[in-house]
Number of protein chains: 4
Amino acid sequence: GAAGGGYAQVVPFEDINLHLTGDGHAVSIAHDLLSAFVDNTLYHGNPLDLDPFSITWTRVVDVNDRALRKITVGLGGKENGVPRETGFDITAASEVMAILALVNGDDERSALKDLRAKLGRIVVGTTRSGKPVTADDLKCAGAMTVLMKDAIKPNLLQTLENTPAFIHAGPFGNIAHGNNSILEDKVALKLNDYVITEAGFGSDLGMEKFFDIKCRYSGLVPNAAVMVTTIRALKMHGGVGKIVAGKPLPDELLRENLPALEKGAANLVKHIENAKLYGVPVVVAVNHFPSDTDREVALIEQIARDAGAEGAYLSDVFAKGGAGAISLAEAVAHACNQPSKFKFLYQDDLPIKEKIERIVRQIYGGEGVDYLPAAEQKIKAYTERGYDKLPICMAKTHLSLSHDEKLKGRPRGFRVPIRDIRASVGAGFLYPLCGEMRTMPGLGSVPAGAKMDIDSEGNIVGLF
Amino acid sequence: GAAGGGYAQVVPFEDINLHLTGDGHAVSIAHDLLSAFVDNTLYHGNPLDLDPFSITWTRVVDVNDRALRKITVGLGGKENGVPRETGFDITAASEVMAILALVNGDDERSALKDLRAKLGRIVVGTTRSGKPVTADDLKCAGAMTVLMKDAIKPNLLQTLENTPAFIHAGPFGNIAHGNNSILEDKVALKLNDYVITEAGFGSDLGMEKFFDIKCRYSGLVPNAAVMVTTIRALKMHGGVGKIVAGKPLPDELLRENLPALEKGAANLVKHIENAKLYGVPVVVAVNHFPSDTDREVALIEQIARDAGAEGAYLSDVFAKGGAGAISLAEAVAHACNQPSKFKFLYQDDLPIKEKIERIVRQIYGGEGVDYLPAAEQKIKAYTERGYDKLPICMAKTHLSLSHDEKLKGRPRGFRVPIRDIRASVGAGFLYPLCGEMRTMPGLGSVPAGAKMDIDSEGNIVGLF
Amino acid sequence: GAAGGGYAQVVPFEDINLHLTGDGHAVSIAHDLLSAFVDNTLYHGNPLDLDPFSITWTRVVDVNDRALRKITVGLGGKENGVPRETGFDITAASEVMAILALVNGDDERSALKDLRAKLGRIVVGTTRSGKPVTADDLKCAGAMTVLMKDAIKPNLLQTLENTPAFIHAGPFGNIAHGNNSILEDKVALKLNDYVITEAGFGSDLGMEKFFDIKCRYSGLVPNAAVMVTTIRALKMHGGVGKIVAGKPLPDELLRENLPALEKGAANLVKHIENAKLYGVPVVVAVNHFPSDTDREVALIEQIARDAGAEGAYLSDVFAKGGAGAISLAEAVAHACNQPSKFKFLYQDDLPIKEKIERIVRQIYGGEGVDYLPAAEQKIKAYTERGYDKLPICMAKTHLSLSHDEKLKGRPRGFRVPIRDIRASVGAGFLYPLCGEMRTMPGLGSVPAGAKMDIDSEGNIVGLF
Amino acid sequence: GAAGGGYAQVVPFEDINLHLTGDGHAVSIAHDLLSAFVDNTLYHGNPLDLDPFSITWTRVVDVNDRALRKITVGLGGKENGVPRETGFDITAASEVMAILALVNGDDERSALKDLRAKLGRIVVGTTRSGKPVTADDLKCAGAMTVLMKDAIKPNLLQTLENTPAFIHAGPFGNIAHGNNSILEDKVALKLNDYVITEAGFGSDLGMEKFFDIKCRYSGLVPNAAVMVTTIRALKMHGGVGKIVAGKPLPDELLRENLPALEKGAANLVKHIENAKLYGVPVVVAVNHFPSDTDREVALIEQIARDAGAEGAYLSDVFAKGGAGAISLAEAVAHACNQPSKFKFLYQDDLPIKEKIERIVRQIYGGEGVDYLPAAEQKIKAYTERGYDKLPICMAKTHLSLSHDEKLKGRPRGFRVPIRDIRASVGAGFLYPLCGEMRTMPGLGSVPAGAKMDIDSEGNIVGLF
């Protein structure tokens with residue numbers, strides 16, 4: 001991405017979490033330019049007759065800032081525009097970020113053209129008579145494209161063993177579609193025999209969206225799914241211990257516990273079943289920790305195989321580099337060479353509620369879906385406008401297969417409440433919000449940033 | 001700046017207006033991280049007893065967005081924090097941008113240390129008992145430094161003739177201190193015999209702030225001032241025609257008009273006098289246009305010399321490159337070799353009102369200053385806290401020597417109203433707002449961005 | 001009520017709709033005084049540790065003003081208090097109005113004491129640790145009592161035939177408990193042999209609340225229920241025509257239509273059944289219009305009797321005064337002399353959800369109840385605080401037996417959504433909001449007030 | 001006023017501070033009905049093209065509620081109207097209250113007609129093209145008149161000695177024009193030989209407005225001015241002690257102090273001079289307290305006479321009833337029989353700034369006036385619309401002859417800052433706001449209401 005364009009470079013790991021080549025910034029500013037155009041058209045006599053109450057286009061910022069979730073803008077008098085309630089999302093939830101990741105093309109020119117078209121189709125609201133108002137109507141999509149023109153170039157980095165690795169686009173899997181860019185995969189496929197692409201969080205989020213959204217738009221067909229897990233996480237799903245961010249792991253997760261592992265493995269089994277639903281072979285990768293016992297490893301291998309996986313393999317790359325994952329890599333290569341029977345979970349013309357129902361029942365294992373009034377109204381309106389043909393991008397916690405982070409293992413019998421639905425018409429999906437899922441996180445009472453600093457040598461400290 | 005660090009590169013001109021190496025983005029996000037920390041401490045029980053009504057720290061975004069000038073944040077219930085009135089400024093007005101430009105040091109390590117210290121000293125508000133609350137108190141300055149660590153590296157570019165040119169930091173001269181970074185000047189001085197550094201807008205803004213703020217902090221002493229003007233602009237100051245952004249120049253400015261030029265040159269004379277007040281020799285550079293007549297050029301040369309300048313020289317670099325400014329360059333070199341008698345306009349310990357009065361009377365040519373109640377209160381509070389020792393950074397229109405953009409030529413007899421004063425304690429200056437001067441611009445009814453796009457080849461169009 | 005105290009007076013009818021003796025005003029100002037105390041305690045350092053987000057006490061005004069439904073107060077700086085989201089209800093929905101109507105006592109002194117106690121028990125919110133904060137805690141209940149001390153005196157007026165009639169308290173039956181005051185009934189019972197007291201709207205609203213709330217607090221037992229209906233309204237419930245406020249009745253309602261009447265009478269039958277559920281005899285009063293045909297009258301008499309009513313009687317008081325309702329009056333007197341078997345619909349100790357379920361299933365004829373998240377949270381919190389012992393006061397449209405005004409006749413198979421629940425602890429009931437039911441109405445595009453005026457003689461015109 | 005109409009009645013004194021006959025309530029609700037119409041017209045498509053930013057019509061409530069000073073209304077979505085910044089004033093500052101007090105007429109019919117016309121002329125804002133929008137344009141003035149029709153009837157009460165006393169209308173003298181109604185004076189003049197009418201606070205507020213506003217509109221000419229003072233207050237103006245509401249008087253004000261009295265009497269002298277400016281004889285009434293010494297009384301008599309008053313007389317009505325003021329009454333009667341030379345301070349066609357200047361210089365004794373930008377803009381706009389012909393109603397503290405409550409005695413050399421100006425076009429005056437003068441008071445940390453209650457007998461306690 002960004003200004004310098006794409007070039008292979010060894011960057012310190014912490015820089016990946018900072019600005020890297022500025023794609024996130026380009027997304028933020030392109031998004032916020034459109035936001036300014038929205039309020040600006042209201043200020044200048046509203047020539048498009050945009051209904052202020054119909055506006056669903058927020059602003060974004062790449063900071064966890066709960067105070068910006070709901071705000072009133074345009075206060076302070078005539079010169080400051082029209083008072084209006086709106087809010088900010090985190091940049092990872094921006095439709096522009098989703099567009100960056102879903103732009104398609106066979107060369108820079110066609111990719112830019114697709115980017116331009118997708119940005120132009122973004123719907124910010126409707127006229128008072130209900131007609132969608134787009135970024136093209138607001139004459140903002142050209143400028144947004146200019147701001148994004150370098151960001152669409154995938155960023156090529158290298159691992160410590162000098163193998164190439166791309167990093168490109170950052171939609172989170174819980175509040176967005178959780179996959180890196182189509183362009184990156186296409187470039188990578190031109191350069192390599194095998195391309196492993198990450199789909200954020202589990203089969204219920206990143207994988208489902210990879211298959212049903214990204215593959216639908218890229219036309220690419222996956223050969224296999226690699227499911228990454230840890231023995232300690234599965235024991236936690238089995239009811240033992242509790243993993244708290246920023247705190248050391250509880251002792252009980254470090255002790256052998258075969259019953260807990262067996263119980264928690266129901267979670268893994270569901271993930272495997274989910275991948276197989278799409279017709280692709282599954283390989284389980286178990287990130288290896290010193291506390292894993294042989295019996296635990298054997299048990300998980302057995303369970304994975306029984307559930308239909310091609311097998312479960314230890315991955316020891318943290319300790320040994322590439323050498324630590326040779327069997328895994330061979331198993332994945334083997335799986336990829338099997339015939340592919342990939343199919344989508346749902347077809348485009350299924351009604352919105354049935355698409356959602358299918359995801360909830362077949363992928364999450366739930367019993368049904370409840371819609372709050374705002375969601376019902378949106379489904380009606382979106383169907384009337386023809387957006388019901390779009391695939392679904394669920395915003396859901398990644399801490400459970402269900403919408404409720406407290407339900408561990410393989411939850412059953414739950415109903416998923418849909419609070420609201422948004423339409424990312426430019427990116428090309430509908431965006432249901434499950435339960436209290438938020439698109440702008442907040443900071444903790446001791447934010448991670450409070451520990452960061454530079455030392456007397458100018459080195460960063462406190463980033464981990 | 002930013003991720004890639006500083007390296008010499010030929011970049012297309014339009015990229016300078018886009019993300020370049022991302023310094024502006026780093027400033028925005030470092031600034032907004034502190035904003036999030038401010039609201040977060042209120043949310044988490046307010047352990048520092050920060051008075052919500054005392055908070056002067058806004059948020060910033062690099063988009064002209066009038067609707068964000070005044071907003072209410074923290075709405076929508078308990079989980080979204082504490083409701084509060086606040087607003088956004090444009091990134092160019094951020095104290096973090098000013099800090100980036102004023103960081104000092106003799107190597108990267110000492111510069112980082114100074115950056116860290118300045119960020120830590122930023123004052124966001126006070127406790128209920130009136131004690132300043134800083135970015136250090138909020139434990140945010142370390143993380144801000146991490147976000148800014150690459151941005152402090154000056155960006156080295158090349159001209160089309162392959163001479164080096166740095167671009168670093170972007171505080172605007174009307175709403176901020178209007179000068180590039182101290183570090184850039186220091187690096188440039190190590191590499192070159194002569195360094196020309198731009199101070200945004202006229203002697204009343206960029207130059208005054210260069211002398212009284214930047215030189216005060218850098219310890220560097222200027223050898224000469226180059227005053228850039230055009231004959232058409234001076235005729236406009238003489239009451240002929242009107243220059244409107246985005247519209248072609250009116251015909252009357254393209255016709256010879258010696259009386260108008262003579263009248264308007266009173267503006268140039270005042271700028272020359274201002275520079276000489278500081279004890280430095282002045283060279284006038286006249287950007288040459290085909291419509292300039294010989295008699296007009298001769299007149300301006302005469303007036304400049306009479307006003308005490310070393311001379312006025314045509315600059316024809318737009319048409320001829322470096323060859324078009326050889327006499328000018330020689331004149332500047334000559335001026336630089338004269339003995340320097342540089343002195344500040346005011347000393348640190350002058351009271352706030354007297355510093356402002358001196359700028360208004362001696363530099364702007366006004367008769368006095370009026371303070372609105374908010375400004376009076378701030379002067380009192382800032383004096384009590386010892387901020388009266390800081391230099392002054394006036395926020396004032398660049399379209400007139402006065403605060404009123406309608407007063408052209410060399411206005412006299414006006415009084416400057418000060419609406420409010422802010423303290424940039426980290427950057428190290430006080431920040432009076434003259435008249436209706438705003439720190440967040442708005443978009444026009446046809447924003448410049450509405451004309452930008454990419455063409456079918458992927459080239460940017462409509463940027464100029 | 002109010003200043004002048006209670007005295008019998010012939011007042012023009014329109015004055016009843018204006019200020020009468022000012023009880024509504026006293027309610028508004030007593031309510032709003034408490035609102036000011038709430039924000040004032042936040043302003044003055046919040047000594048009670050009142051959680052601003054817990055505050056459920058709104059302000060009231062006796063004007064239909066939708067713009068006040070949701071507001072942000074305390075803006076404009078430190079001297080204006082603490083910014084906070086809140087809103088206004090219509091005075092008829094004020095808990096103080098409900099208290100006025102539910103005050104009990106055997107003389108003025110005991111009534112004042114009860115008023116004082118009820119006002120003191122009003123809960124405005126909770127401390128940060130969840131303890132209720134009352135009007136007594138805020139030291140406001142005394143002043144509220146002083147403002148209300150005359151308003152508790154029932155207003156005695158006379159009919160045109162000089163029979164006494166009381167008018168006292170005005171809670172609407174859809175958004176409040178819809179009954180005049182207990183004190184009024186008690187005074188009337190001392191002065192008369194028979195007292196007819198109005199319970200606003202149908203058996204689903206005013207009657208249910210009369211029995212389950214007012215009788216519970218007064219200890220009085222009703223002897224009979226008089227159900228008022230019109231033949232035209234029942235035809236409308238049968239699917240013919242549409243009654244629009246401010247427009248003339250459609251022709252089809254003025255023509256004989258026995259099938260429509262029979263169909264619509266299902267609505268009346270359900271109301272009769274509802275009254276009989278409580279064990280009281282029912283007399284149907286049919287307000288007579290010239291367009292009613294003899295066959296329609298006969299049909300309605302038959303249906304009422306078949307449904308278990310003591311009979312249906314024409315009331316012609318509009319045309320003939322008291323003489324127009326002699327048979328009706330005799331039938332009511334006869335019904336009153338039958339043995340009373342009155343019983344409540346539910347006992348105090350039934351859980352909140354079961355009380356609501358009982359009202360919805362047995363009175364409205366619905367199938368069940370759905371609770372939105374806000375309602376679920378409140379039920380949990382109110383049960384913990386012991387408010388589950390209070391009776392239920394449903395806020396529901398009066399235009400249908402269900403929550404949906406479009407469902408006419410005797411709707412079946414519907415589920416009632418509960419959006420939120422409020423606690424009127426001082427008045428002594430819980431207050432579920434069904435569907436989109438609002439506690440602040442709005443004005444129409446041509447508000448009724450736009451037609452009102454005085455003519456050249458000073459007479460009011462346009463009130464009807 | 002209100003419902004019951006006007007009748008003579010002995011009411012307990014505390015009731016005068018409560019609802020009396022409800023005029024204040026009628027004013028509030030008529031005012032707020034117009035407020036609802038204003039937002040309602042914006043909601044219903046804004047057919048009058050009312051510029052939301054031009055709206056100066058607030059809402060009112062009769063409670064000291066600082067949190068309502070500045071609010072944002074219309075939040076929460078489309079059904080709640082158009083978001084907008086506005087606020088509440090105290091009812092005493094309502095233009096409707098001013099209209100009630102300034103309605104003129106010779107009988108009920110002509111008074112109602114004048115009321116109707118004045119209400120219709122109320123200007124709430126302007127169209128986008130700058131044309132005033134009135135209550136008549138909004139079709140609200142008729143309904144407001146209906147709500148006010150009884151309130152215009154003066155309320156006749158009796159003193160303990162059974163002499164008649166009217167109480168009618170309540171505009172405060174600091175934030176409004178501070179005089180009872182014209183109709184009341186006219187009724188009183190028909191019934192009595194002498195009518196004493198109160199003008200709230202001193203000669204700088206109630207008296208100036210009585211002469212320049214009320215007399216201008218009533219056509220009545222005063223015969224004499226009675227200036228009420230106390231010896232203790234003048235000693236306080238002389239720099240001794242401090243009077244704090246709700247606290248006992250400091251001892252030093254209860255001890256004889258002739259030098260302090262002489263010094264403070266400069267305040268009284270200025271008030272006497274002010275009255276004489278208008279050409280009317282002045283009688284000083286000294287409310288007598290036991291601590292006043294004979295020498296103090298003699299001194300004040302001397303000073304008053306020297307300043308041109310007809311004399312100073314003790315008033316002892318608190319202790320002795322009417323008998324305590326016989327000499328005073330005789331002196332007033334004597335003064336009334338002298339020839340009247342009454343004249344206004346300024347003529348209608350004096351420009352706005354000159355009218356204000358005349359009040360500030362001649363009545364307050366100030367040196368000049370400063371206008372903040374908002375005030376300057378209003379003066380320009382009001383002059384263009386022809387409102388410059390209206391008299392001036394200054395909103396100013398009553399605690400000093402100046403705008404600054406800390407300046408006691410007879411302040412000199414001050415300049416009065418005018419923050420803003422409002423136009424009460426219906427009532428017929430312009431309304432400058434001096435300094436920080438507010439039109440909505442706040443409650444103290446222990447509000448007066450916190451002490452009020454009823455005792456076990458039902459009596460009010462804590463009202464004084």
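Above this text you will find the structure in question.
Residues numbered from 1 in each chain as written. Chains lettered and ligands numbered in written order. Predicted model: local features only at pLDDT ≥ 70, side-chain atom pairs only at ≥ 80, totals over all residues. Heavy atoms only, no water.

A. Here's a closer look at the interface of chain C and chain B. Taken together, the contact between chain C and chain B spans 12 residues of the former and 12 residues of the latter. In this assembly, chain C packs against chain B so that about 990 Å² is buried in total across both faces, 62% of it on carbon and sulfur atoms. Between chain C and chain B we count two salt bridges in total. With a shortest N-O distance of 2.3 Å, B:Asp51 and C:Lys78 are connected by a salt bridge. Summed over the shared surface of chain C and chain B, the result is four residue pairs in polar contact (both at pLDDT 80 or more). Classifying every residue of the side of chain C that touches chain B gives four nonpolar, four polar and four charged. (Contact = heavy atoms within 4.5 Å. Buried area = accessible area lost by both parts, 1.4 Å probe. Salt bridge = Lys/Arg side-chain N within 4 Å of Asp/Glu carboxyl O. Polar contact = N/O pair within 3.5 Å; in protein donor to acceptor, adjacent residues only side chain to side chain. Nonpolar A, V, L, I, M, F, W, Y, C, P; charged D, E, K, R; others polar.)

B. Here's a closer look at the relation of the copies chain C and chain D. At an RMSD of 0.0 Å, chain C and chain D line up after a rotation of 180° and a shift of 0.0 Å along the axis. Here the two chains are linked by the operation of a two-fold rotation axis. Taking C-alpha positions as the reference, the residue of chain C nearest the rotation axis is C:Thr72, at 2.5 Å. In this assembly, 100% of the residues forming the interface of chain C have copies in chain D that are likewise at the interface, indicating an isologous arrangement. (Least-squares fit on C-alpha atoms with pLDDT ≥ 70 in both.)

C. Representation of the interface of chain C and chain D. The partner chain D presents 62 residues to the 62 residues of chain C that form the contact. Of the roughly 5,600 Å² buried between chain C and chain D on both sides combined, carbon and sulfur atoms contribute 65%. A salt bridge links D:Arg59 to C:Asp65; the shortest N-O distance between them is 2.8 Å. The interface formed by chain C and chain D holds 29 residue pairs in polar contact (both at pLDDT 80 or more) in total. Those elements that provide at least two residues to the side of chain C that touches chain D are α2 (23-43), β1 (59-61), β2 (71-73), α4 (108-121), α5 (141-148) and β15 (453-454) of chain C. Ranked by the residues each element gives to the side of chain C that touches chain D, the list is headed by α2(C), at 10 residues. Per-class residue counts for the side of chain C that touches chain D are 27 nonpolar, 17 polar and 18 charged. (Helix = DSSP H or I, 4+ residues; strand = E, 2+ residues; numbered from the N terminus.)

D. Seen up close, the sheet that holds strand β12 (residues 368-371) of chain A. All names here are of chain A. With mixed pairing, three strands are arranged side by side in an open sheet as β12-β13-β14. Sheet topology places β12 and β14 (429-434) at the edges, where each strand pairs with a single neighbour. Going from strand to strand, the sheet's axes swing by 50° on average, the running direction of each strand aside. Examined bridge by bridge, β12 and strand β13 (residues 415-424) share four bridges and lie parallel to one another. Bridging from a neighbouring strand, Tyr371 pairs with Ile418 of β13. Across the sheet, helix α14 (residues 373-384) is in contact with β12, β13 and β14; its angle to β13 comes to roughly 45°. (Pairing = 2+ DSSP bridges. Axes fitted to C-alpha atoms, helices over the stretch in contact; angles between N-to-C directions.)

E. Region of interest: the environment of D:Ala93. Residue and element names in this part refer to chain D. By the element assignment, Ala93 lies in the loop between β4 (88-90) and α3 (95-102). Sequence separation of Ala93 and Lys263 is 170 residues, and the distance between their C-alpha atoms is 34 Å. Beyond its immediate chain neighbours, meaning those up to four positions away, Ala93 contacts Ile175, Ala176, Tyr431 and Thr439.

F. Up close: the pattern of salt bridges. Summed over the entire model, instances satisfying the criterion amount to 116 salt bridges over all chains. Residue B:Asp136 is joined to B:Arg116 by a salt bridge in which the shortest nitrogen-to-oxygen separation is 3.1 Å. Pair noted here: B:Asp136 is in the loop between β6 (132-134) and α5 (141-148) and B:Arg116 is in helix α4 (residues 108-121), with a separation of 20 residues, a long-range link. Here the residues in one salt-bridge network are A:Asp39, A:Arg59, A:Arg84 and B:Asp65, joined through shared partners.

G. Main features of the pairing of strand β14 (residues 429-434) of chain C. All names here are of chain C. Most of β14 sits inside the fold, with six of its six residues counted as buried. Side chains Phe429, Tyr431 and Leu433 project from β14 onto one buried face, and the interleaved Leu430, Pro432 and Cys434 project onto a second face that is buried too. In this structure, strand β13 (residues 415-424) lies alongside β14, joined through six bridges in antiparallel fashion. For Asp420, the partnering residue across the bridge sits in β14 and is Leu433. Hairpin geometry of β13 and β14 is characterised by an intervening segment of four residues between the two adjacent antiparallel strands and by a positive phi of about 100° at Gly428. (Buried < 20%, exposed > 50% of the residue type's maximum accessible area, 1.4 Å probe, protein only.)

Take it as geometry only, folks, not as evidence of what the structure does.
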